[in-house]
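# Summary of the model geometry
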Amino acid sequence: QKEVEQNSGPLSVPEGAIASLNCTYSDRGSQSFFWYRQYSGKSPELIMSIYSNGDKEDGRFTAQLNKASQYVSLLIRDSQPSDSATYLCAVPFSGGYNKLIFGAGTRLAVHP
Amino acid sequence: GAVVSQHPSWVICKSGTSVKIECRSLDFQATTMFWYRQFPKQSLMLMATSNEGSKATYEQGVEKDKFLINHASLTLSTLTVTSAHPEDSSFYICSARLRNRDVRAFFGQGTRLTVV
């Protein structure tokens, strides 16, 4: 069974702080990892993808991948109230069409 | 690029009727599309994989006779919820890939279905 695990939260951080979101996955063969942001009532939006061990930065977002530990994280620097959303970790299932398997999502609340 | 359009955005229907939801890739051809369902405060659950020109592949526990999927062209997949019941009320979302080797998925805006 392919699994993607996330802490459901809510994770509450003050405005301007760093928000750290974590995800673990069960399939050692996974090569691609994605973070999606979903606002309430809306569909998910792709914000980060990472394929190699280490860090990948894009603006205020940094994705970190450690394949040995089967762990991927998302850091949001200088958090803003507009970052308040649910963040979904997604990993392609290698068997069949690379369908994306989503974690349960972590709800982030950034308070002023 | 990579725009996926879903229609309608919301629909209310009576129990026992059928509802069709369309998913279109506007600026690219999608040989594979995916249909998800999301209940309140839950994550996305994959229902089926839709392949152009062939039968859809359904996930375990999803009734293929109730959720009819047709992927008639490289830019259009449809999901029909047949004989809808209140428990089918949910947020239905489609996604598509740019090409088979690119595993990133881009989502439509979703369809909120309410069955009364």
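Residues numbered from 1 in each chain as written. Chains lettered and ligands numbered in written order. Predicted model: local features only at pLDDT ≥ 70, side-chain atom pairs only at ≥ 80, totals over all residues. Heavy atoms only, no water.

This part takes up the overall build of chain B. Looking only at helices and strands, chain B features zero helices and eleven strands. Listing every helix and strand of chain B by position from the N terminus yields β-β-β-β-β-β-β-β-β-β-β. For a compact globule of 116 residues, the expected C-alpha radius of gyration is about 13 Å, and chain B comes in at 13 Å, within 12% of that figure. Considering only C-alpha atoms, chain B reaches an extent of 40 × 25 × 25 Å along its principal axes. As displayed, chain B has an accessible area near 5,800 Å², and 51% of this comes from carbon and sulfur atoms. (Helix = DSSP H or I, 4+ residues; strand = E, 2+ residues; numbered from the N terminus. Rg over C-alpha atoms; globule rule 2.2 N^0.38 Å. Areas by Shrake-Rupley, 256 points an atom, 1.4 Å probe, with all protein chains shown as cover.)

Quick look at the environment of Thr-31 of chain B now. Assignment of secondary structure puts Thr-31 of chain B in the loop between strand E3 (19–25) and strand E4 (32–38). C-alpha of Thr-31 of chain B to C-alpha of Thr-114 of chain B: the two residues are 83 residues apart in sequence and 29 Å apart in space.

Residue and element names in this part refer to chain A. Looking at where Thr-106 falls in the secondary structure, it is placed in strand E11 (residues 106–111). Judged by its relative accessible area of 5%, Thr-106 falls in the buried class. Only 2.4 Å separates the side chain of Thr-106 from the backbone oxygen of Asn-7, close enough to count as a polar contact. (Buried < 20%, exposed > 50% of the residue type's maximum accessible area, 1.4 Å probe, protein only. Polar contact = N/O pair within 3.5 Å; in protein donor to acceptor, adjacent residues only side chain to side chain.)

Counted by the stated rule, this structure contains eight aromatic pairs over all chains. Aromatic side chains Tyr-36 of chain A and Phe-107 of chain B sit 5.4 Å apart centroid to centroid with 90 degrees between the ring planes, which places their arrangement in the edge-to-face category. A residue pair is termed interchain when its members come from two chains, as with Tyr-36 of chain A in strand E4 (residues 33–38) and Phe-107 of chain B in strand E10 (residues 106–107). Side by side, Tyr-36 of chain A and Phe-107 of chain B carry an identical accessibility label, which is buried. Summarising the aromatic geometry, the rings of Tyr-36 of chain B and Phe-107 of chain B are spaced 5.7 Å apart at their centres and angled 50 degrees between planes, so their arrangement reads as tilted. Taken together, the residues Tyr-36 of chain B in strand E4 and Phe-107 of chain B in strand E10 connect sequence positions 71 residues apart. (Phe/Tyr/Trp six-rings, centres within 6.5 Å; stacked < 30°, edge-to-face > 60°.)

So, about the state of the cysteines. Counted under the stated rule, the structure contains two disulfides over all chains. Covalent S-S linkage joins Cys-23 of chain A and Cys-89 of chain A, the inter-sulfur distance amounting to 2.1 Å. When the S-S torsion is -70 degrees, as for the bridge of Cys-23 of chain A with Cys-89 of chain A, the disulfide is left-handed. One end of the pair, Cys-23 of chain A, is in strand E3 (residues 19–25); the other, Cys-89 of chain A, is in strand E9 (residues 85–92), with 66 residues separating them in the sequence. By relative accessible area, Cys-89 of chain A is classed as buried at 0%. Disulfide partner of Cys-23 of chain B: Cys-94 of chain B, at an S-S distance of 2.0 Å. Across the disulfide from Cys-23 of chain B to Cys-94 of chain B, rotation about the S-S bond amounts to roughly 80 degrees, and the bridge is consequently right-handed. (Disulfide = S-S within 2.5 Å.)

Turning our attention to the interface of chain A and chain B. Taken together, the 19 residues of chain A in the interface contact 23 residues of chain B. Both faces considered, chain A and chain B share a buried interface measuring about 1,600 Å² in area, 58% of it formed by carbon and sulfur atoms. Taken together, chain A and chain B are joined by one salt bridge. Counting across the interface, chain A meets chain B through six residue pairs in polar contact (both at pLDDT 80 or more). Those elements giving two or more residues to the side of chain A that touches chain B turn out to be E4, E9 and strand E10 (100–102) of chain A. Considering each element in turn, the side of chain A that touches chain B owes the most residues, three residues, to E4 of chain A. (Contact = heavy atoms within 4.5 Å. Buried area = accessible area lost by both parts, 1.4 Å probe. Salt bridge = Lys/Arg side-chain N within 4 Å of Asp/Glu carboxyl O.)

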